[in-house]
Each structure stands twice: as structure tokens, then as C-alpha cells.
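Spelled out, the chains give:
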Amino acid sequence: MTGAYLYELGVTPYGEALAIMQELAAARNQQAVPDTVMLLEHEPVITLGSRAVRDEELPHPAEDYAGRGIEIVEVGRGGRSTYHGPGQLVCYPILDLTPRGRDLRRYVRALEETVIATLADLDVEGHTLDGPHASGVWVGDRKIASIGVRCARWVTSHGLALNVDSDLEVYELFDACGLGGARFTSIARETGRPVTTADVRGPLVERLAEKLDLELERLPAAEDARAVV
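Bear in mind that the values here come from a model prediction, so they are computed numbers and not experimental data.

A. Quick look at the nonpolar core. Within the largest apolar cluster, 34 residues are counted, with the highest numbers of intra-cluster contacts made by Tyr107, Leu119, Ile144, Leu162, Ile187 and Val200. Look past the residues within four positions of Ile144 in its chain and what remains in contact with it is Leu119, Val137, Trp138, Val139, Ala161, Leu162, Asn163, Thr185, Ser186 and Ile187. Listed in part, the 20 residues of the second largest apolar core include Leu9, Ala17, Ile94 and Leu219.

B. Layout of unusual backbone geometry. The backbone phi angle of Trp154 is positive, close to 70°, even though this residue is not glycine. Counting through the fold element by element, Trp154 comes out in the loop between strand E8 (142-152) and strand E9 (155-163). Non-glycine residue Asp213 carries a positive phi angle of around 60°. Note that Asp213 resides in the loop between helix H6 (197-212) and strand E11 (214-218).

C. Spotlight on the sheet that holds strand E3 (residues 45-48). Spatially, E4-E3-E5 is the arrangement adopted by the 3 strands of the open sheet, whose pairing is mixed. The open sheet has two free edges, formed respectively by strand E4 (71-74) and strand E5 (81-84), since each of these has just one partner strand. When the angles between neighbouring strand axes are averaged without regard to direction, this sheet yields 20°. Summarising the sheet, E3 and E5 pair through 4 bridges and their orientation is antiparallel. Each residue of the ladder has a partner; that of Leu48, found in E5, is Ser81.

Reading the values: rules and limits
Residues numbered from 1 in each chain as written. Predicted model: local features only at pLDDT ≥ 70, side-chain atom pairs only at ≥ 80, totals over all residues. Heavy atoms only, no water. Core = buried A, V, L, I, M, F, W, Y, C linked by side-chain atoms within 4.5 Å. Buried < 20%, exposed > 50% of the residue type's maximum accessible area, 1.4 Å probe, protein only. Contact = heavy atoms within 4.5 Å. Helix = DSSP H or I, 4+ residues; strand = E, 2+ residues; numbered from the N terminus. Pairing = 2+ DSSP bridges. Axes fitted to C-alpha atoms, helices over the stretch in contact; angles between N-to-C directions.

Okay, structure coming up:
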């Protein structure tokens, strides 16, 4: 097992979380910190990955999204457009893949398997799909988790987003993941019972540690992850 930090945040503005993630990734590249996993929620934001087609995926004027309190941010990760907001659990592993064989596809599969195992713990059956733009995890024909990663000099950043009890109406405002209007769902919708991100954090952390062979040490709640860089 590889020792790693677990840095848990609450609802965090996207820009603030991105800055922390980038600093940690840079430090990991320099071997200044161990592998680190960030676990958090975001304030409402639609992020556009490297393959996003903005005019196609965001059909409304920017001011319409701003009027709904949704920020639009272009980010340096793979994938297309993704929504983040309260009620969605986001996990950003900052890992050095060199000891793991420098296998990015295997890493993405591990993230998908983490989500599927977490869902199973909560009595939801998830699965993956084959085909272009089909990364992530689905329940039936409904997408429940998105995955978009960046890997620079074999250090990963960004990661996965799992809908726990998030605002699903947002997905009617844009073509999420460039999927042509695919339906999205959440754990609460699928189980028909109240579920919070606090309920899901434990199972997700346990399954992530299992799939990535990590021994996670929680950073003290009052400690900013940048203090360890």
C-alpha cells in the first residue's frame, strides 16, 4: 500500500479548489508531498474540458448561466462539459502514476470501479458504457458520475464527480459531456430516500483506497493542504 494524504473540504469555490489542486500537483511532481486525495463539493459551476465544444454544449448566453448563479470555467483536463454543485461529491486524486506502471487507462478504470463499488454499498447498481465520450458511471441509461482527468509528467489531477443529491434540473440547461441530452440521475433519485454527501464520503474513501491501493491519512480539518507543500 502507498501512504497518501486525504484532504477533506466542504463546499468550496471552484477557483479556490483548482488553485490548491494545481499547487499539490506541482509539489507531487517535485516529490515534495506524497499522493494526496482531495474530497469536496463545489459551488455551482460548469467546467469545460479540452474536448468541449462551447457553442454546442452551452446553448444559452453566458449571462443566463450567471443569472442562475452558475459559473463557467475552462479547465485543463480531458473530457467535455461537466456540472459541479452542492450535493455532488467531487474527488481529486493527485497521484504519481510512475510506480503504477504509467497506465492512464488503468487509472481511469480504477476511478470507475471506485464509483461502482461505492454505489453498490448504497444499493445502487452502476455500470460503464463502451464508446466515445462514454467514460463515467451510469445507472441504466442515466449518468450518475462523470470522470475527467489530467495527467502531466505522470502526476494526475482532476478526477470524478458523483451525484449524491444534486440539482438535476441544471442538466437541462446544457449538453452535459456532449452526450446529446442524455439523462442524469443521483443516488437520492435512484434510492428514493434522503442521502447526503456525508453519507457517501466514507464508502467512497474506503473504495478508492481499495482500488488504488492507498493507505489514506486524514489531514487535520484546520490544516490547509497548501501548508504541507
